[in-house]
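Now for the letters of each chain:
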Amino acid sequence: MSLIRLQITHFRNIRSADLSLCGEVNLFVGPNASGKTSLLEAIDCLSRGRSFRARLPTQLTTHGESSLTLFGQVDSGSGRISALGMELGRARRMLRRDGRTVDTVESYAAALPVQTMHPLSHVIINGPPGHRRAFMDWGVFHVKQGDIRSWREYTRVLRQRNLLLSRGGGDREIEAWDEALTNSAERLDQARAGYVSQIEPLCAQLAEEFLDGAQVGLRYRRGWSEGTDLASTLRETLDRDRQLGHTGNGPHRADLQITLSGRSARDFASRGQQKLLVVVLLLAQLRAFTASGSIRPTLLVDDLAAELDPARRERVIERLAELPAQVILTALERNALDLSRWCETRVFHVKHGGFEELV
């Protein structure tokens, strides 16, 4: 899959843009604050239905405007072109796929698998567990083709149980939700554990190259005590959950423990090592995703030249060129990155939220 056309209206400092992209590598160059990162954010937002940088629509919409729209055409590689559209305002969000309104983000996001590497990606290493759960769930959804309905069902039932806990519901009323919660939790747990097992050896291979042979370890922590089932845990901790007003155990408390040479990467890795760990994790994820050869993801890379030294930057470019993926990069200058490994390239200059293709 490749994003071949992108239309943006009133997204941050981009008032209007209509871009034709190629299926291999697209480079956007220009000074800081020109709109390069906003472009990548718009593509990521079009793919996922939400932004990786902001939560509120007012933070995304151009100043003085009440809503924004994004539209993209996606080439599936089989001759079929699909369309994605998103409209976001203060009071609502509308997602459309091939002209039809979709009710769930999951059915929408499957059309354009996007992964993003940006200067804030190190939160996967040193941020709160939610960032690592999001990393795992991207893999479960796109790589493992896991039962995303289990995640959706778990989230729905958890919300109901928490509501009862906060309102002082009776034991039987709360326990009536526990079976559904446990069933969906077990399926989600198995999918996450299987995904982590799949990418750990890929991370080990990449660490040899990017981290001077340091060993990268991944340990999946499921969100409740090992050796116990969730149903028993929910019964045993009901009184404490009542005091807290929410459910304290389950996949919503899961985490991914990342180690570097046996030590916690979050606590002991340097900032530079954390950046390289993110590269390793995302490249491993993309290798797992493209292993079947049936689907091409789109990788967004923001300001790679500023994040890595020249030798490692060149190494990343080499590995990206090996992937059957569309790549969209940003840089301050055209010659900051060597794109000669790709056959098809397009370069755009960005200035004040406007775009001009360079020849």
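Now for a look at the structure at hand. Counting of residues starts from 1 at the beginning of each chain's written sequence and follows it residue by residue. With the structure being a predicted model, the display of local features is reserved for residues of pLDDT at least 70 and the display and counting of side-chain atom pairs for 80 or more, all residues being used for whole-chain, interface and lining totals. Each side-chain value is derived from all of the structure's non-hydrogen atoms; neither hydrogens nor water enter the calculation.

With that settled, consider the nonpolar core. Ranked by internal contacts, the top residues of the largest apolar core, which has 59 residues, are Phe 135, Leu 211, Leu 218 and Leu 320. The leading source of residues in this core is helix α12 (residues 271-290), at 12 residues. Every residue pair with non-hydrogen atoms within 4.5 Å of one another is taken to be in contact. What Leu 211 contacts, discounting residues up to four positions off in sequence, is Val 216, Leu 260, Gln 273, Leu 276, Leu 277 and Val 280. By nonpolar core is meant a set of buried Ala, Val, Leu, Ile, Met, Phe, Trp, Tyr and Cys residues that side-chain atoms within 4.5 Å join together. Type-normalised accessible area, obtained with a 1.4 Å probe on protein chains alone, sets the label of each residue: buried when under 20%, exposed when over 50%, and partly exposed for intermediate values. Numbering of helices and strands runs from the N terminus; a helix is a DSSP stretch of H or I covering at least four residues, while a strand is a stretch of E covering at least two.

Before going further, it helps to spend a moment on the packing of aromatic side chains. For any pair of aromatic rings, the description consists of the separation of the ring centres together with the inter-plane angle of the planes. Here the aromatic set is Phe, Tyr and Trp, taking the six-membered ring for Trp, and pairing holds for ring centres within 6.5 Å; pairs whose planes are under 30 degrees apart are stacked, those over 60 apart are edge-to-face, and all others are tilted. All told, the structure shown has four aromatic pairs when counted by the stated rule. When the centroid spacing of 6.4 Å and the interplanar angle of 55° are considered together, the rings of Phe 135 and Tyr 195 count as tilted. Of this pair, Phe 135 sits in helix α5 (residues 129-143) while Tyr 195 sits in helix α8 (residues 178-210), and the two are 60 residues apart along the sequence. Each member of the pair Phe 135 and Tyr 195 is classed as buried. Each ring, one from Trp 138 and one from Phe 289, has its centre 5.6 Å from the other, and the planes form 65°; the classification is edge-to-face.

Moving on, we come to unusual backbone geometry. Unusually for a residue other than glycine, His 10 sits at a positive phi of about 60°. By secondary structure assignment, the location of His 10 is in strand β1 (residues 2-11). Despite not being glycine, Asp 98 shows a phi value in the positive range, around 50°. Its location among the elements puts Asp 98 in the loop between β6 (93-97) and β7 (100-101). Assessed through its relative accessible area of 34%, Asp 98 is described here as partly exposed.

All axes here are fitted lines through C-alpha atoms, helices being fitted over the stretch that makes contact, and every angle between N-to-C directions spans 0 to 180 degrees. For the pair helix α6 (residues 148-166) and α8, the least separation of the axes is 8 Å and the interaxial angle reads 140°. In terms of orientation, α6 and α8 fall into the oblique class. The handedness of the crossing between α6 and α8 is left-handed. Of the residues in α8, those in contact with Ser 150, Trp 151, Glu 153, Tyr 154, Val 157, Leu 158 and Arg 161 of α6 are Asp 178, Ala 180, Leu 181, Ser 184, Ala 185, Arg 187, Leu 188 and Arg 192. Considering only residue class, the contact of α6 with α8 consists of eight nonpolar, two polar and five charged. Any angle that is under 35 degrees is reported as roughly parallel, and any over 145 degrees as roughly antiparallel; angles of 65 to 115 degrees are reported as roughly perpendicular and all others as oblique. Here a crossing is taken to be left-handed if its near helix is turned anticlockwise relative to the far helix by less than a right angle, and right-handed if that turn runs clockwise. For this scheme, ten residues count as nonpolar: Ala, Val, Leu, Ile, Met, Phe, Trp, Tyr, Cys and Pro. Four count as charged, namely Asp, Glu, Lys and Arg, and the remainder, Gly too, count as polar.

On to the pairing of strand β3 (residues 25-29). Of all five residues making up β3, five are buried, and the element is well covered by its neighbours. Of the two faces of β3, both are covered, the one formed by Val 25, Leu 27 and Val 29 as well as the one formed by Asn 26 and Phe 28.

Along the chain, His 122 turns up in the loop between β8 (114-117) and α4 (123-126). Among all residues touching His 122, those that are not within four sequence positions of it are Gly 127, Arg 271, Gln 274 and Val 278.

With respect to the helices and strands, the residue Ala 325 is situated in the loop between α14 (310-322) and β13 (326-331). For Ala 325, a relative accessible area of 4% gives the class buried. In sequence terms Ala 325 and Leu 165 are 160 residues apart; their C-alpha atoms lie 46 Å from each other. Dropping the residues within four chain positions of it, Ala 325 is found in contact with Gly 23, Glu 24, Arg 296 and Pro 297.

We treat two strands as partners when DSSP finds at least two bridges between them. Spatially, six strands are ordered β8-β12-β13-β3-β14-β15 in an open sheet, and the strand pairing comes out mixed. Edge positions in the sheet fall to β8 and β15 (354-358), since each of these pairs with one other strand and no more. Adjacent strand axes in the sheet meet at a mean angle of 20° when their direction is disregarded. With five bridges joining them, β3 and strand β14 (residues 345-351) adopt parallel strand pairing. Along β14, the bridge assignment pairs Phe 28 with Phe 348.

Quick look at the environment of Gly 30 now. Take Gly 30: it is sitting in the loop between β3 and α1 (36-48). Taking the C-alpha atoms as reference, Gly 30 lies 31 Å from Leu 206; in sequence the two are 176 residues apart. If we skip the residues at most four places from it in the chain, Gly 30 touches Lys 36, Ala 331, Leu 332, His 349 and Val 350.

Here we take up the pattern of salt bridges. Salt bridge criterion: a side-chain nitrogen from Lys or Arg within 4 Å of a carboxyl oxygen from Asp or Glu. Per the stated rule, a full pass over the model turns up 21 salt bridges. Residues Arg 242 and Asp 171 are paired through a salt bridge, measuring 2.5 Å at the closest nitrogen-oxygen approach. Of this pair, Arg 242 sits in helix α10 (residues 238-244) while Asp 171 sits in helix α7 (residues 171-175); the two residues are 71 residues apart in sequence, bridging distant segments of the chain. What makes Arg 242 partly exposed here is its relative accessible area of 26%. Since its relative accessible area comes to 41%, Asp 171 is described here as partly exposed. Linked through salt bridges whose partners overlap, the residues forming this network are Glu 209, Glu 314, Glu 318, Arg 319, Glu 322, Asp 338 and Arg 341.

Let's shift gears to the sheet that holds strand β9 (residues 216-221). The strand order across the open sheet built from three strands is β9-β10-β11, with neighbouring strands paired in antiparallel fashion. With one partner strand each, in any of the chains shown, β9 and β11 (263-264) form the two edges of the open sheet. As defined by bridge partners, β9 adjoins strand β10 (residues 255-260) across six bridges and the pair is classed as antiparallel. Within the sheet, the bridge partner assigned to Arg 221 lies in β10 and is Asp 255. Helix-sheet contacts for α8 involve β9 and β10, and the interaxial angle to β9 is about 175°.

Scope: geometric values only; no functional claims are made or implied.
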